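Descriptive analysis of the structure
Read off the chains here:
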Amino acid sequence: MPVIIDNHELEIPAGRRLNGIEAARMVGVEIPHYCWHPGLSVVGSCRMCLVEVGMRDPTSGVVKMKKKLTPACNLIVADNMVIVTNSERVARARAMVEEDLLLRHPIDCPICDKAGECLLQDYHFQYGQPERRADIRPFTSRRRDLGDVTLFVDRCVMCGRCVRFAREISGTAELMVIGRGAKEEIDVVAGYPLNNKLSGNVVDLCPVGALCDKDFLYKQRVWYLRRHPGVCTGCSAGCSIWIEENQDRVWRIKPRENMPVNKWWICNDGRYDYPHVHDPQRITGAAWHELLPDLRERLRAARRLGAVISPFLTVEEAYLLCQLIRGIDADAPLALGPVPVVGEDERFPGGFTIRAEKCPNRRGVEEVIAHFARRVMAFDELLAEIDQDAVQGVWVSGGYKRDWIGRTTAARFERLKLLVVQDLFPSPLGERATHLLPGAAYPEREGSYVNHADRLQSVRRAIRPPSGVRSEASVCWELLGRKGLYNARAVLDEVAREILYFHQAGGPVPETGVDLKGNLLA
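All of the points below concern the structure found in this document.

1. Some thoughts on the pattern of salt bridges
Enumeration according to the criterion identifies 42 salt bridges in this entry. Close ionic contact of Arg 92 with Glu 88 constitutes a salt bridge, the shortest N to O distance being 3.6 Å. Taken as a pair, Arg 92 and Glu 88 lie in helix H2 (residues 88-103) at a separation of four residues, close to a single helical turn. Between Asp 215 and Lys 219 there is a salt bridge, with the nearest N and O atoms lying 4.0 Å from each other. Ionic contacts of the salt-bridge type, sharing partners, join the residues Glu 357, Arg 362, Arg 363, Glu 366, Glu 367 and Asp 454 into one network.

Here it is in structure tokens:
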């Protein structure tokens, strides 16, 4: 028998366990809540999700309602259950909760970073009392340094999300509740500040402006920001993210829910991995209208070519670059660029893992290279061919955010007649390049990445690159003589037709990506 929620009937799939909030969402009903989060344990402390609950007799159809309201977060729905979320009793309960929270809440919305995306603001206008019955006492919140984040003590509504996250997900348990009753506050254990690699997630979890990101504090108003779905390129996990920008400047990175990849979380390395995008040291300002015709001729003249395909390139960029080089020299060696590895994989109690492999697309680039060259050549193998004068010209794609090649290794490229380097920052190799091309940073790219688990995710660019900078894809697209502007979707369709590994990506790619493992089992 179905569950009835505000006169909507819902059949619960067999074996699926849902609480009242989750079930209501399935019929388009949103139940307000502060303390509940799908990734954390249930505490039922905020009382904002109170609903009327009853049971319907399957024989007579008579509904018997409970006398007391029930927290929807702690209510496991069952057959013949009746849930009412829009009655006068429920509305009055919600208004009382809102009124109680605002009695001791500072009225500092004009200076609060959460203004514009604050649940307390939104719920007050949706569910609060029509007018304030208590006196307004103008005061601003006390500020407390917790370590990685800042706590505005008096803004806190004591939902407890941050405390549960530190205990259940990061497993570090730095946060706790001190005091009793109306004197309760969030604090850290003495001598143990909030300082772990997942700490930024507590800011995302906070429903109000209590926990604030030190990096973002007082920098932008959220209504000026435009958000774009993206993929973190900090490691091979390929976490789904929101890139939030204003006028082509990235101001904030937040996690984007993707259950097969990163669930609701990202690490601090990925969250704060955007300042290099706007670093004044970046290579910029190429005169493409003069450079590309000359480069086309020099590539053809070199005849014996090779290429280094960076694991920071998208699948489409790697495919176009390989196609360009192999189109001029059918036997050109194609090598995978250096794969940065730092330490070992770091796993947390909540299941989140920071990968030691610090690049986003090794798997995708390897499969592209294997398609063209039948095997994946290591970077050192290409160096050996250069030492033997087996190649006359090499195209090196970079995209590394940190120093990736030393002067000794770069010196081995000096014997080449043609050295094309496309990179983000100056390097010893770039100093020796005959053609130094500015490359795009990850928010400026459009294409697809394949993570360590063979899940492909496609993204569009979030911001325009600086003046004189073009992505590797658009450069190769033009050098190949393709008409119009670079079209990532068209290239991915071509890749899916040509390379079996990518066959699953031939159709529409959802925002959560597609699993390519099915092709490996065929």
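2. Digging into the environment of Asp 148
Tracing the backbone through its elements, the reader meets Asp 148 in the loop between strand E7 (143-145) and strand E8 (149-152). Overall, Asp 148 belongs to the partly exposed group, its relative accessible area being 23%. Placed 318 residues apart in sequence, Asp 148 and Pro 466 show a C-alpha to C-alpha distance of 31 Å. Excluding its chain neighbours within four sequence positions, the residues that come into contact with Asp 148 are Leu 194, Asn 195, Asn 196, Ser 199, Lys 214 and Asn 268. In this structure the side chain of Asp 148 is engaged in a polar contact, spanning 2.7 Å, whose partner is the side chain of Ser 199.

3. As for the packing of aromatic side chains
When we look at a pair of aromatic rings, we describe it by the centre distance and by the angle of the planes. According to the stated counting rule, one finds 11 aromatic pairs in the structure shown. For the ring pair Phe 312 and Tyr 400, a centre distance of 5.0 Å and an interplane angle of 70° mean the geometry is edge-to-face. Placement of Phe 312 in the loop between strand E15 (305-309) and helix H8 (315-328) and of Tyr 400 in the loop between strand E19 (393-397) and helix H11 (407-411) is noted, with a sequence separation of 88 residues between them. Judged by relative accessible area, which is 7%, Phe 312 ranks as buried. Aromatic pair Trp 477 and Tyr 486: ring centres 5.9 Å apart, planes at 80°, arrangement edge-to-face. In terms of burial, Trp 477 and Tyr 486 fall into one category: buried. The residue whose ring lies beneath Arg 256 is Trp 242, and the NZ or CZ to ring-centre distance is 5.9 Å. Positioned above the aromatic ring of Trp 288, the side-chain terminus of Arg 470 is 5.4 Å from the ring centre.

Rules behind the numbers
Residues numbered from 1 in each chain as written. Predicted model: local features only at pLDDT ≥ 70, side-chain atom pairs only at ≥ 80, totals over all residues. Heavy atoms only, no water. Salt bridge = Lys/Arg side-chain N within 4 Å of Asp/Glu carboxyl O. Helix = DSSP H or I, 4+ residues; strand = E, 2+ residues; numbered from the N terminus. Buried < 20%, exposed > 50% of the residue type's maximum accessible area, 1.4 Å probe, protein only. Contact = heavy atoms within 4.5 Å. Polar contact = N/O pair within 3.5 Å; in protein donor to acceptor, adjacent residues only side chain to side chain. Phe/Tyr/Trp six-rings, centres within 6.5 Å; stacked < 30°, edge-to-face > 60°. Lys NZ or Arg CZ within 6 Å of the ring centre and 35° of its normal.

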